[in-house]
Amino acid sequence: MHGEPPTTLDRPAVKRRRFTSATLLSDYWTLTKPEVNFLILITTFVGFDLGCSNAGHQLSFFASFNTLLGTLLVASGTATLNQYIEREFDAQMRRTARRPLATGQLKPQAVLAFGIVLSVVGSIYLAAAANLLASLLALLTLTSYLFLYTPLKRRTPLCVLVGAFPGAMPPLIGWAAASGSLNSLAWLLYAIAFLWQFPHFMAIAWMYREDYDRAGYLMLPKGHSRVAFVILQTMLPLLALLPISVAQLPARPAGSFYWAGSLLGLAFLYFGLDFAQQRSRGSARRLLAASIMYLPLLFMLRIAFR
């Protein structure tokens, strides 16, 4: 039952570490989810670079650095606050049981304060060093992720759809910081990041479905509809990505970009088909790896052929 507190039997066994200043710094670093922030920074930078190009501005190292730093701070604060909210449920999942808050290495009050400080400082920094629009987009990402997506994870499998809206925001933040406005080309970058999340998270949800079930998360529906849901949420976005990803910006030379983008999309689609057919842990892991490579490569192609 979702409302029952976790028992000792529900919690994966986690060996506690000896407390040192080094482990403390490591724990706070872990709270920020650096592996997720790496993708966020890549997509933010691509949005910034293409936004500069579209607006006819010279790419500025200091302006791009300020944008990435502010975005990193807000993203780190969001990740930290998410773990604060979900600390009791993280302790029930093998995938997250070793997180510092779930193990009790850090106190909830300290984590809450850390997350708030990162988020507030990052938002103010973006407003001051970039512009107000970029800051507002970052705040919209934070609030919708924490107050819409996070609670919906325990209520409906449609949480992935809801979470894709804030999850696709980094390119818009970068574009807004570079140009001070958003246009159709910026929204096409957003559409690519939005669609990309579905196969990415379906792979994760399938790999850790037992973990999610144990903690009461509804990332996937129960019963016989689960398989159909996973296949649709994987394949339809992948098919939509093919035309959108190559029809986004006027690339030069266009032919080379279209061929490269199409081959990249077809490779991503191949791993999606493999997963849809096998639905094994191995095929899910391969799709996850493909998704992690696909988005940065596609966005780097955008910069190379702009």
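This is a predicted model, so every value here is computed, not measured.

Draft legend 1. Examining the nonpolar core more closely. Core analysis: the biggest nonpolar cluster contains 71 residues, and Met 219 and Phe 268 have the highest contact counts within it. No other element matches helix H9 (residues 184–207), which puts 16 residues into this core. Not counting residues within four places of it along the chain, the set of residues in contact with Phe 268 comprises Trp 196, Pro 199, Leu 238, Leu 241, Leu 287, Ala 290, Ser 291 and Tyr 294. Formed by 5 residues, the second largest nonpolar core is a distinct cluster that contains Tyr 28, Leu 101, Leu 106 and Val 111.

Draft legend 2. Seen up close, the pattern of salt bridges. Scanning the entire structure with this criterion turns up 6 salt bridges. The salt bridge involving Glu 86 is made with Lys 153; its shortest N-O contact spans 3.0 Å. In this pair, Glu 86 is assigned in the loop between helix H3 (61–85) and helix H4 (87–90) and Lys 153 in the loop between helix H6 (132–152) and helix H7 (159–167), connecting sequence segments 67 residues apart. The buried category is assigned to Glu 86, whose relative accessible area is 3%.

Draft legend 3. A look at the environment of Leu 158. For Leu 158, the position within the fold is in the loop between H6 and H7. Classification of Leu 158 as partly exposed rests on a relative accessible area of 47%. Put simply, Leu 158 and Leu 220 are 62 residues apart on the chain and 8.5 Å apart in space, counted from C-alpha to C-alpha.

Thresholds, definitions, all that
Residues numbered from 1 in each chain as written. Predicted model: local features only at pLDDT ≥ 70, side-chain atom pairs only at ≥ 80, totals over all residues. Heavy atoms only, no water. Core = buried A, V, L, I, M, F, W, Y, C linked by side-chain atoms within 4.5 Å. Buried < 20%, exposed > 50% of the residue type's maximum accessible area, 1.4 Å probe, protein only. Helix = DSSP H or I, 4+ residues; strand = E, 2+ residues; numbered from the N terminus. Contact = heavy atoms within 4.5 Å. Salt bridge = Lys/Arg side-chain N within 4 Å of Asp/Glu carboxyl O.

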